[in-house]
Amino acid sequence: MKITGSADLAPAPEDVFPRLLDPAVLIRCIPGCEKMELVSEGVYSTLVRAGVGPVKGEFVGEVTLSDVVDRESYRMAVAGKSAVGHANGAATIKLEATESGTRIHYAGDAQVAGLIASVGSRLLQSVANKIARDFFKSLAVEVAAESST
Amino acid sequence: MIPTSFDYVAPESLDEAVALLQKHGDDAKVLTGGQSLIPLLRLRLARPGVVVDLRKLSDLGRIESAGEALEIGAAATHAEVMNSAAALEKCPLLSETAGEIGDVQVRNTGTIGGSLVHADPAADWPAAMLALGATMVLSGPQGERAVAAEDFFVGLLESAAQPGEILTGIRVTVPRQPAARAYRKLAQSASGFALAGAAVQLALDGDTIAEARIGITGVAEHAYRPREVEAALTGGALDASSVETACASAAEGVEVLEDIHAGAAYRGHLASVLTKRAVLAAIERAHGHAS
């Protein structure tokens, strides 16, 4: 399942980039994220409670950031487990300076297995797109608030 | 499979039901026909602490004529709507849509209110609600409030009903006459859910369409009205090529869903084709022949 898109943020890449790697920012921006702890260089342990309508799942997993090129790009791998299924994915995130600030391009591929995959295939793509959009929407609010203080 | 354990309550009054939902908030789920909830419970995808069964509230299943409107109780089953003489006489799009839902078992057990609140992006009712300009009546701790169909479907499996609120009824105003209507869908054969579906309610004026309202389901995160198509049809002629041209933009400006059954381009195409077929079927029915 492909998840691609872009998001525009007001601040310049040098202000946006560090926020993308900051666990305190990520925990506020990832929908349903309740834990985001650095366990080793570039590896975070996470707990995410995600839900769509009546369906709710608690995912425990790891986020690994690699190939970090300051202000430009990084690679993010995600692995999560829950009682309703597993999810694995990797994405490349690129930052581009624009006249109005920063445009973030994301391109990822995710595999979902288990119960949610077998009964929820109809909805998975839209849920994945929504999570990505909600993340960047929250991030936009976050970076706007930080740069104004 | 066996659900995780939950408390079961069957309140005797609406006030009691609202109070229970108020008390348990997000941990409570309402049960009426159970056609969406029970499978989710059995698969353990939904794990509510409390299930509030509304089936003792017999008033909630009434279908009544009220002057120029039709009041449908939220716990009326799809089959009850389908077979209601009042619905057939005043608002036949309701009967037609009900007849397209799931299979006989689903129609005999599932309820219109349950389906609407569940807000499945491919459910049939939302399309008809939008085409009819229906109003949803919700009861909550602050009393009753009415929400227009257009504001009711807000996201994937997400309606405007808040935790603590119960959808009690649906109010439909009798469509402007002379009217024409049809619902057309392409169902995914295993589930019966619409890959795409279009409900159309028209007011005719001689050889033109005086008013067009359309609801499209299955195509986006929630059912929507294709405003461009409605505007293009309004005042337009009834012939097939005018209608086809007008319906071409049925999925314009919409983020189209895709899954293993249908890609986005195909789904968007289906939206236009099914809208066109529904409009033409409506006209043909109203005139008794193809125009």
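All values reported here derive from a predicted model rather than from experimental measurement. (Residues numbered from 1 in each chain as written. Chains lettered and ligands numbered in written order. Predicted model: local features only at pLDDT ≥ 70, side-chain atom pairs only at ≥ 80, totals over all residues. Heavy atoms only, no water.)

Trainee: I'd like to hear about the overall build of chain A, residue by residue, with values.
Mentor: Scanning chain A from terminus to terminus reveals three helices and seven strands. Along chain A, helices and strands appear, N-terminal first, in the series β-α-α-β-β-β-β-β-β-α. Taking 2.2 N^0.38 as the reference for a compact globule, 149 residues should give roughly 15 Å; the C-alpha atoms of chain A span a radius of gyration of 15 Å, in line with that estimate. Expressed along its principal axes, the backbone C-alpha trace of chain A runs to roughly 45 × 30 × 25 Å. A buried classification covers 40% of the 149 residues belonging to chain A. In chain A, once contacts between residues fewer than 6 apart in sequence are set aside, the share between residues at least 24 apart is 47%. About 7,600 Å² of surface is accessible on chain A, with carbon and sulfur atoms providing 55% of the total. A gap of 9 Å separates the mean positions of the 15 positive and 18 negative side-chain charges of chain A. (Helix = DSSP H or I, 4+ residues; strand = E, 2+ residues; numbered from the N terminus. Rg over C-alpha atoms; globule rule 2.2 N^0.38 Å. Buried < 20%, exposed > 50% of the residue type's maximum accessible area, 1.4 Å probe, protein only. Contact = heavy atoms within 4.5 Å. Areas by Shrake-Rupley, 256 points an atom, 1.4 Å probe, with all protein chains shown as cover. Lys, Arg positive; Asp, Glu negative; His and termini not counted. Charge placed at Lys NZ, Arg CZ, Asp CG, Glu CD.)

Trainee: Would you mind going over the interface of chain A and chain B in detail, with residue names and values included?
Mentor: Taken together, the 19 residues of chain A in the interface contact 21 residues of chain B. Of the roughly 1,700 Å² buried at the junction of chain A and chain B (both faces included), carbon and sulfur atoms supply 62%. On inspection of chain A and its partner chain B, the count reaches two salt bridges. Its salt-bridge partner being Arg133(A), residue Glu255(B) comes within 2.9 Å of it at the nearest N-O pair. Counting the contacts that link chain A with chain B gives three residue pairs in polar contact (both at pLDDT 80 or more). (Buried area = accessible area lost by both parts, 1.4 Å probe. Salt bridge = Lys/Arg side-chain N within 4 Å of Asp/Glu carboxyl O. Polar contact = N/O pair within 3.5 Å; in protein donor to acceptor, adjacent residues only side chain to side chain.)

Trainee: Describe the environment of Leu41(B), with residues and values.
Mentor: All names here are of chain B. Along the chain, the position of Leu41 falls in helix α2 (residues 37-42). C-alpha separation for the pair Leu41 and Phe6, spaced 35 residues apart in sequence, amounts to 9.8 Å. Every residue in contact with Leu41, bar those within four places of it in the chain, is listed here: Pro3, Phe6, Ala46, Pro48 and Val51.

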